[in-house]
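Residue-level structural notes
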Amino acid sequence: MPSSIVPYILYHTEGCHLCEIAQSLIEQTDIKYQHVDICDGASLAERYGISIPVLVQDDRELFWPFDATQLQEFIGV
């Protein structure tokens, strides 16, 4: 039975041009990820408010700025 758990989360918010750049980089890989808007929760806004975009896998975090090489290293390509 396939798992429906998406291993990566991209924390972002609407209107964030850096988040759009990060999303574009991520979409060039084959990873499955979900978007989570930090404005959906006070704790997310407090934790990531000045750090977005952030790509998270389990307890690992890749904070912006990152490029394609750093992203590939993070996802293990």
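Residues numbered from 1 in each chain as written. Predicted model: local features only at pLDDT ≥ 70, side-chain atom pairs only at ≥ 80, totals over all residues. Heavy atoms only, no water.

The name given to the protein in an unreviewed UniProt entry is Thioredoxin family protein, with the source organism recorded as Shewanella saliphila.

**Section: the packing of aromatic side chains**
As a reminder, the rule being used: Any two of the Phe, Tyr and Trp rings considered here, Trp counted by its six-membered ring, make a pair once their centres fall within 6.5 Å; the pair's planes then place it as stacked at under 30 degrees, edge-to-face at over 60, or tilted in between. What counts as a helix is a DSSP run of H or I of at least four residues, what counts as a strand is a run of E of at least two, and both are numbered from the N terminus. Each residue's exposure class comes from its accessible area (1.4 Å probe, protein chains only) as a fraction of the maximum for that residue type: buried when under 20%, exposed when over 50%, partly exposed otherwise. Comment: the charge-over-ring label is applied if NZ (Lys) or CZ (Arg) is within 6 Å of the ring centre and within 35 degrees of the ring normal.
Within this structure, the stated rule accounts for 4 aromatic pairs. Taking the centre distance of 6.4 Å and the plane angle of 45° together, the rings of Y48 and F63 count as tilted. Here the residue Y48 occupies a position in helix 2 (residues 42-48), and F63 occupies one in strand 4 (residues 60-63), the gap between them amounting to 15 residues. Under the relative-accessibility criterion, Y48 is labelled buried at 4%. Here W64 and F66 contribute two aromatic rings whose centre-to-centre distance is 5.0 Å and whose plane-to-plane angle is 70°, an arrangement assigned as edge-to-face. Here F66 falls in the buried class, since its relative accessible area comes to 4%. For the cation-ring pair, R60 lies above F74, with the distance from its terminal atom to the ring centre recorded as 4.1 Å.

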